[in-house]
Amino acid sequence: MKLYREKNYEAMSRRAANLMAAEIIKKPNCVLGLATGSTPVGVYRELVKKNREGDISFKEVETVNLDEYRGLSADHEQSYRYFMQTNFFDWINIRPEKTHVPDGLASDAEAECASYDALIASLGGADLQLLGLGRNGHIGFNEPGPSFIKETHVVRLTQNTIDVNARFFASADEVPREAITMGIGSIMAARRLLVVASGEEKADAVYQAICGPITPECQASILQLHHDVVFVCDEAALTKVYEAGGSLC
Ligand code: F6R
């Protein structure tokens, strides 16, 4: 495990974008696993800049997103497809057909999950998977629970996640109750994992993910078993890790 401690959100974003850009330069046709949420917005902004300045090209890059709400269409302002278009895809030279997000409106959700796994397999898995961290330690929408689920699946969101994500909706009532998420198997199969976290509200999740026991009650704790995982965190997100000993556990 490698840990970058950055001064603040901007520095975290630049560091993570540099690591992703290095992957694209090394392998122009790489497969990137992508995440939504507040944390990676700055990373995408930096990557857009690099693309516009001609430092990197997304022409051959293929992307697979981690998750999507069930019941939201691609043009719903809170859907993750909409997030990806407006924060990233619309601003870079990626081919639209090379961007993949689970279909939140699929009538047969089980079939959608199976075909998403087949798609990831057909691409040979992600070369680099970008991950944010839920305050409860979730990755994608793999919520705390009794087990790690390997495959893409439909998940019922926890009340904690609904409450946290309500900030993006008019009220908590409007937050979808279900999502489709890539499973822990596909995430762990990525050749490199890049976890970004910012702010004190993530300090406990970061601590549990890096130093805690490996347990499905903190889904991110399984990342400790990956052979190439990089955490890029700002100082606030690392307060608990450093309180606990000042170095990596
Ligand atoms: C979204 C996703 C989620 C978020 C997590 C943190 O695609 O995978 O696991 O990364 O909920 O969200 P933010 O960054 O908004 O705190």
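Residues numbered from 1 in each chain as written. Predicted model: local features only at pLDDT ≥ 70, side-chain atom pairs only at ≥ 80, totals over all residues. Heavy atoms only, no water.

Q: Where do I start with helix α2 (residues 41-52) in this structure?
A: For an α-helix the count is 3.6 residues per turn, leaving residues at separations of three or four pointing the same way. Compared with the 16 Å implied by 1.5 Å per residue over twelve residues, the 17 Å span of α2 between its first and last C-alpha is a close match. Taken residue by residue, α2 has Gly42, Val43, Tyr44, Glu46, Leu47, Val48, Lys50 and Asn51 as its buried positions. A positive phi of about 85° marks Gly54, the residue just after α2. (Helix = DSSP H or I, 4+ residues; strand = E, 2+ residues; numbered from the N terminus. Expected span 1.5 Å × (residues − 1). Buried < 20%, exposed > 50% of the residue type's maximum accessible area, 1.4 Å probe, protein only.)

Q: Looking at this model, I keep getting lost on the sheet that holds strand β4 (residues 67-69). Mind explaining?
A: One open sheet accounts for three strands, arranged β4-β8-β7; its pairing is antiparallel. Edge positions in the open sheet fall to β4 and β7 (153-156), since each of these has one partner strand only. Across the sheet, the mean angle from the axis of one strand to that of its neighbour is 25°, orientation sign disregarded. Bridge count for β4 against strand β8 (residues 178-181) is three bridges, and the pairing is antiparallel. Note on β8: the bridge partner recorded for Glu68 is Ile180. With respect to the sheet, helix α4 (residues 109-122) is in contact with β7 and β8, its orientation differing from that of β7 by roughly 125°. (Pairing = 2+ DSSP bridges. Axes fitted to C-alpha atoms, helices over the stretch in contact; angles between N-to-C directions. Contact = heavy atoms within 4.5 Å.)

Q: Can you help me understand the sheet that holds strand β9 (residues 192-197) in this one?
A: In any sheet, the strands associate via hydrogen bonds between backbone groups, in a parallel or an antiparallel arrangement. Read across the sheet, seven strands follow the order β1-β10-β9-β6-β2-β3-β5 without closing on themselves; strand pairing throughout is parallel. Of all strands in the sheet, those bounded by a partner on one side alone are β1 (2-6) and β5 (99-100).

Q: Would you mind going over the packing of aromatic side chains with me for this structure?
A: Each pair of aromatic rings is reported with the distance of its centres and the angle of its planes. What the rule picks out here adds up to eight aromatic pairs. Judged by centre distance (5.5 Å) and plane angle (90°), the rings of Phe58 and Phe88 are edge-to-face. Of this pair, Phe58 sits in the loop between α2 and β3 (62-65) while Phe88 is found in the loop between α3 (80-87) and β5, placing the two residues 30 residues apart along the sequence. When its relative accessible area of 1% is taken as the criterion, Phe88 is described as buried. An angle of 15° between the planes, with centres 5.9 Å apart, marks the rings of Tyr80 and Phe141 as stacked. (Phe/Tyr/Trp six-rings, centres within 6.5 Å; stacked < 30°, edge-to-face > 60°.)

Q: Can you help me understand the pattern of salt bridges in this one?
A: If charged atoms from side chains of opposite charge come close, those side chains can pair. What the rule picks out here adds up to twelve salt bridges. Residue Asp127 pairs with Arg191 through a salt bridge whose shortest N-O separation is 3.0 Å. Placement of the pair is Asp127 in the loop between α4 and β6 (128-131) and Arg191 in the loop between α6 (184-189) and β9, with a sequence separation of 64 residues. Overall, Asp127 belongs to the buried group, its relative accessible area being 5%. The partly exposed category is assigned to Arg191, whose relative accessible area is 38%. Linking Glu178 and Arg156 is a salt bridge whose minimum nitrogen-to-oxygen distance equals 3.6 Å. Of this pair, Glu178 sits in strand β8 while Arg156 sits in strand β7, and the two are 22 residues apart along the sequence. For Glu178, a relative accessible area of 24% puts it in the partly exposed group. (Salt bridge = Lys/Arg side-chain N within 4 Å of Asp/Glu carboxyl O.)

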